[in-house]
Amino acid sequence: MGWPEIAVILIVAMIVFGPDRLPELARQAARMVRTVKQMADNAKSDLQREIGDDWRDLDPRASVRELLEEDSGTTPSPVKETRILRPGEIPPFDDEAT
């Protein structure tokens, strides 16, 4: 959301709720956001306390990184040598490709 969208929301709120009730609604919204943030922080700390140091093992980015590092040490499979077909020559048929 940019400033134009925020301005439109404020103007609509001013029209719907009026300038007298708007400050109290803003305080209530701020309290609600603070409460939700506190609940999320508490849930995160509870989860980290329950899991302990094993939470790093659950990170999918770390798992992918480990797999990529393991694969980087292997040598790539050799590529078959290709050749250009002569005019009228039938291309080879691969049973496993279909």
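Above this note sits the structure.
Because the structure is predicted, anything quoted here is derived from the model rather than measured.

Parameters at a glance
- Within each chain, residues carry numbers counting from 1 in the order of the written sequence.
- A pLDDT threshold of at least 70 governs which residues receive local features in this predicted model, and a stricter bar of 80 or more applies before side-chain atom pairs are shown or counted, although totals over entire chains, interfaces and linings include all residues.
- Water and hydrogen atoms were dropped before computing side-chain values, which therefore reflect all heavy atoms in the structure.
- Counting from the N terminus, the helices are DSSP H or I runs at least four residues long and the strands are E runs at least two residues long.
- We get accessible surface area from the Shrake-Rupley algorithm with a probe of 1.4 Å; when it comes to residues, only the shown protein chains can shield them.
- Patch construction takes residues with relative accessible area above 30% that form no salt bridge. Like charges are linked within 9 Å, and nonpolar side chains (Val, Leu, Ile, Met, Phe, Trp, Tyr) are linked within 5 Å.
- Any carboxyl oxygen of Asp or Glu that lies within 4 Å of a side-chain nitrogen of Lys or Arg is treated as forming a salt bridge with it.
- His residues and chain termini do not enter the charge count, which takes Lys and Arg as positive and Asp and Glu as negative.
- Just so you know, the charge point we use is NZ for Lys, CZ for Arg, CG for Asp and CD for Glu.
- Working definition: with a 1.4 Å probe on protein chains only, accessible area under 20% of the residue-type maximum means buried, over 50% means exposed, and in between means partly exposed.
- Counting of polar contacts relies on pairs of N or O atoms within 3.5 Å, with two restrictions inside protein: one atom must be capable of donating a hydrogen and the other of accepting it, and residues adjacent in sequence are counted only when both atoms are side-chain atoms.
- The span you would expect from a helix comes to 1.5 Å times its residue count less one.
- To obtain the bend at a residue, axes are fitted to the seven residues ending there and to the seven starting there, and the angle between these axes is taken.

A. Just the overall build of the chain, in detail. Summing up its helical and strand segments, the chain has two helices and zero strands in all. Carbon together with sulfur atoms contributes 61% to the accessible area of the chain, which is approximately 9,800 Å² in total.

B. Region of interest: a negative patch on the surface. On the surface, a cluster of negative charge is contributed by D53, D54, D57, E66, E69 and E70. Tracing the backbone shows D53 in the loop between α1 (3–51) and α2 (60–72). Residue classification places D53 among the exposed residues on the basis of a relative accessible area of 64%.

C. Seen up close, the environment of R83. Among the structural elements, R83 can be located in the segment after α2. With relative accessibility at 54%, the residue R83 sits in the exposed group. Engagement of the side chain of R83 in a polar contact is seen with the side chain of E89, the distance being 2.6 Å.

D. Molecular detail of a nonpolar patch on the surface. Taken together, the side chains of V8, I11, V12, I15, V16 and F17 present a nonpolar region at the surface, about 600 Å² in accessible area. Note on placement: I15 falls in helix α1. Looking at I15, the relative accessible area reads 67%, which means it is exposed.

E. Seen up close, α1. The end-to-end C-alpha separation of α1 is 41 Å, well short of the 72 Å expected for 49 residues at 1.5 Å each. The sharpest bend along α1 comes to roughly 105°, located at G18, with the proline P19 sitting one to four residues further on. Taken together, the buried positions of α1 are occupied by A13, G18 and L22. Remark: G52 follows α1 within two positions and exhibits a positive phi of approximately 75°.

F. The pattern of salt bridges, seen in detail. Applying the stated rule across the entire model yields five salt bridges. Among the salt bridges present, the one from K37 reaches D41, with a minimum N-O distance of 3.3 Å. Here K37 and its partner D41 are both found in helix α1, four residues apart, which amounts to about one turn of the helix. Using a relative accessible area of 55% as the deciding quantity, one classes K37 as exposed. Linking E89 and R83 is a salt bridge whose minimum nitrogen-to-oxygen distance equals 2.6 Å.

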